[in-house]
Amino acid sequence: MHSILAINSGSSSLRFALFEVGESLPQILIGKFDRIGFPDAKLSFTDVLANKSDERMVDALDHVACVPLLVELLEKKTGLDSVSTIGHRVVHGGPRYRDAVRVDGAVLEELRRISPFAPNHLPDAIALMEVFTAKFPQVPQIACFDTAFHSALPRVAKLLPIPRRYEAKGVQRYGFHGLSYDFLTQELERVAGAKAANGRIILAHLGNGASMAAVRDGKSMDTSMGFTPAAGLVMSTRSGDLDPGLVAFLGRSEQMTETQFDRMIHHESGLLGVSEISSDIRDLLAREAADIRAAEAVALFCYQAKKWVGAFAAALGGLDTLVFAGGIGENSPSIRARICEGLGFLGIELNEPRNRENAPVISAQNGRVAVRIIRTDEELMIARSVSRVLGLGAVKERIES
Ligand code: ADP
């Protein structure tokens, strides 16, 4: 058997999935390391072929420490020889990478050069690629960039309104969650047809990280994240868009350093910062009746998301389809309802029973906009990208089937 190993590393998690090379890329093994860097780090996995799941506590001080544990698991399950390619999700591709690429010395050098663009992600991603290269020297590795889906953004959506000279240094809107958006676009075409997939679409990926993309003719026309994934919507611990004047104000009044500011906007803000309770929207929904701070955090999240839907409907000149994805988008009827409430003037009307059931189509029959839930699959998108780059002939399988 030949398989593709997809590696999707987040800030404190590492998801992996093993797919059999072939037309339909069937899953063999899926799993996740959680709470990396904490004493209660955990590995959970499902052997899809045997239909068996398991989990255990592990010592995983960082992402690299997960690799020997994963190798041990692969050795037991399929044998290491079966791994014929490895695909990595890489958050930032900088100005150069507009598509997935095969990793070599030059790619690693460019990623090191642009590491300051994503200092919390790229050094870990590079370290992972190096460790996998050492363990699997003969196995090609492909870097799949979250920025690639947005690489052809219209110029007006790319430009940041600061002095022009910074653009030459790579400062522009890049946008992220690209693997998810690529998958959602392909899946929309599969379930709703080419006409819908080429229409005016807003894709809302609402997880711990949250962003939206305005898509037309299958291409990203604008997106809420910017030069970094800290911009745009309110997130679990990230602030999203802020008044830029705050940097100087907090520097002067609190002697806040650049490092403290960076920590605040990434780890202490968003749902966690406003609620002072939790970064997890389920906790806040459970507490909102009793605690005003939880209620305000949820209200702010939904209000900002609603504003982005309005902004992107304007950018697209109208709206045909709204897609919800990500942990919150796929699972929270209440949040979806609050975001859509009052958007009847755009043609967005929900069918409440369907919304409560997390049905694939949740719009009312008389709504002009089709509102859908699509379960995103970044690991499958990594496997498709690997297949395409290496010419394994398994790209369009699910779309065509
Ligand atoms: P990440 O961006 O880390 O991949 P996820 O896409 O898994 O995150 O989303 C995590 C978010 O999804 C959390 O805020 C969590 O509360 C929310 N979530 C997951 N399941 C549910 C559910 N059943 N109802 C409401 N929210 C949910």
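These figures come from a predicted structure and were not determined experimentally.

*Asks:* Please clarify how the overall build of the protein chain should be interpreted in this entry.
*Replies:* A count of helical and extended segments in the protein chain gives 16 helices and 13 strands. For 401 residues, the compact-globule estimate of 2.2 N^0.38 gives 21 Å, and the C-alpha radius of gyration of the protein chain, at 21 Å, lies within 12% of that figure. Across its three principal directions, the C-alpha atoms of the protein chain cover 55 × 55 × 45 Å. Classification of the 401 residues of the protein chain by burial places 50% in the buried group. Taking the contacts inside the protein chain whose residues are at least 6 apart along the sequence as the reference set, 60% of them involve residues at least 24 apart. Taking the average location of the 45 positive side-chain charges in the protein chain and that of its 48 negative ones, the two points are 5 Å from each other.

*Asks:* Even after reading the chapter, I still don't get the packing of helix 1 (residues 63-77) against helix 3 (residues 122-135), so can you show me in this structure?
*Replies:* Helix-helix packing: each pair is described by the crossing angle between the helix axes and the interaxial distance. Running from N to C, helix 1 and helix 3 cross one another at 30°; their axes reach a closest spacing of 9 Å. As far as their axial angle goes, helix 3 and helix 1 are roughly parallel. Both helix 1 and helix 3 take part in a crossing whose hand is right-handed. Residues His-63, Val-64, Val-67, Leu-70 and Val-71 of helix 1 form the contact with helix 3, whose own contacting residues are Asp-124, Ala-127, Leu-128, Val-131, Phe-132 and Lys-135.

*Asks:* So what exactly am I meant to see when it comes to the sheet that holds strand 2 (residues 14-20) here?
*Replies:* Strands belonging to one sheet form pairs held by backbone hydrogen bonds; the direction of such a pair is parallel or antiparallel. If you walk across this open sheet you meet the eight strands as 5-4-3-2-1-6-8-7, and the pairing is mixed. On the outer flanks of this sheet lie strand 5 (52-57) and strand 7 (101-102), each paired with one strand and no other. Here strand 3 (residues 27-34) runs beside strand 4 (residues 42-47); their pairing, made up of six bridges, is antiparallel. Along strand 4, the bridge assignment pairs Phe-33 with Leu-43. Where helix 3 meets the sheet, it contacts strand 1 (3-9), strand 2, strand 6 (83-90) and strand 8 (141-145), and its direction lies at approximately 170° from that of strand 6.

*Asks:* Looking at this structure, how should I read the confidence of the model for the protein chain?
*Replies:* Low pLDDT means the predicted coordinates in that region are not meant to be read closely. Of all residues in the protein chain, 98% have pLDDT values of 70 or greater, and the mean over the chain is 95. Within the model, pLDDT remains below 50 along residues 394-401, and this stretch shows 17 contacts once partners closer than five positions in the same chain are excluded.

*Asks:* In this structure, what is going on with the environment of Gly-10? I would like to understand it.
*Replies:* Among the structural elements, Gly-10 can be located in the loop between strand 1 and strand 2. Distance in space between the C-alpha atoms of Gly-10 and Ser-269 is 18 Å, their sequence separation being 259 residues.

*Asks:* Hey, could you run me through the sheet that holds strand 11 (residues 219-223) in this one?
*Replies:* Strand order in the open sheet formed by five strands is 11-10-9-12-13, and the pairing between neighbours is mixed. The two strands at the open ends of the sheet, each matched to only one other strand, are strand 11 and strand 13 (370-373). Geometrically, the sheet is characterised by an average inter-axis angle of 25° between neighbouring strands, direction not taken into account. Pairing geometry for strand 9 (residues 200-206) and strand 12 (residues 321-325), over five bridges, is parallel. Bridge pairing links Leu-203 to Val-323 in strand 12.

*Asks:* Even after reading the chapter, I still don't get the site of the ligand, so can you show me in this structure?
*Replies:* Residues in contact with the ligand, as listed here, are Arg-15, Gly-207, Asn-208, Gly-209, Asp-280, Ile-281, Arg-282, Gly-326, Gly-327, Ile-328, Asn-331 and Ser-332. At 3.0 Å, a side-chain N or O of Arg-15 approaches an oxygen atom of the ligand. The contact in question runs from an oxygen atom of the ligand to an N or O atom on the side chain of Asn-208, over 2.9 Å. Within the complex, 71% of the 570 Å² of free accessible area of the ligand lies under protein.

*Asks:* Sorry if this is basic, but what is going on with helix 2 (residues 105-113) here?
*Replies:* One turn of the α-helix equals 3.6 residues, which is why residues spaced by three or four share an orientation. Looking at helix 2, one finds that the buried residues are Val-107, Leu-108, Glu-110 and Leu-111. Taken end-on, helix 2 shows its buried residues confined to a sector of 160°, consistent with a single buried face. The exposed residues of helix 2 that point more than 90 degrees off its buried face are Gly-105, Ala-106, Glu-109 and Arg-113. Where helix 2 is buried, its residues touch strand 7, helix 3 and strand 8. Between the side-chain oxygen at the start of helix 2 and the backbone nitrogen of Ala-106 there is a gap of 3.1 Å, and the oxygen is on Asp-104.

*Asks:* Please clarify how the state of the cysteines should be interpreted in this entry.
*Replies:* Note on terminology: a disulfide is the covalent bond linking the sulfur atoms of two cysteines. Evaluation of the coordinates by the stated rule reveals zero disulfides. Cys-66 carries a free sulfur, and the closest cysteine sulfur to it, the one in Cys-144, is 19 Å from it. Judged by its relative accessible area of 1%, Cys-66 is buried. Between Cys-302, a cysteine without a disulfide, and Cys-340, which holds the nearest cysteine sulfur, the sulfur-to-sulfur distance is 9.9 Å. For Cys-302, a relative accessible area of 4% translates into the label buried.

Scoring rules and cut-offs
- Residues numbered from 1 in each chain as written.
- Predicted model: local features only at pLDDT ≥ 70, side-chain atom pairs only at ≥ 80, totals over all residues.
- Heavy atoms only, no water.
- Helix = DSSP H or I, 4+ residues; strand = E, 2+ residues; numbered from the N terminus.
- Rg over C-alpha atoms; globule rule 2.2 N^0.38 Å.
- Buried < 20%, exposed > 50% of the residue type's maximum accessible area, 1.4 Å probe, protein only.
- Contact = heavy atoms within 4.5 Å.
- Lys, Arg positive; Asp, Glu negative; His and termini not counted.
- Charge placed at Lys NZ, Arg CZ, Asp CG, Glu CD.
- Axes fitted to C-alpha atoms, helices over the stretch in contact; angles between N-to-C directions.
- Parallel < 35°, antiparallel > 145°, perpendicular 65-115°, else oblique.
- Left-handed = near helix turned anticlockwise from the far one by under 90°.
- Pairing = 2+ DSSP bridges.
- pLDDT = per-residue confidence, 0-100.
- Near = heavy atom within 4 Å.
- Polar contact = N/O pair within 3.5 Å; in protein donor to acceptor, adjacent residues only side chain to side chain.
- Areas by Shrake-Rupley, 256 points an atom, 1.4 Å probe, with all protein chains shown as cover.
- Arc of directions from axis to C-beta.
- Disulfide = S-S within 2.5 Å.

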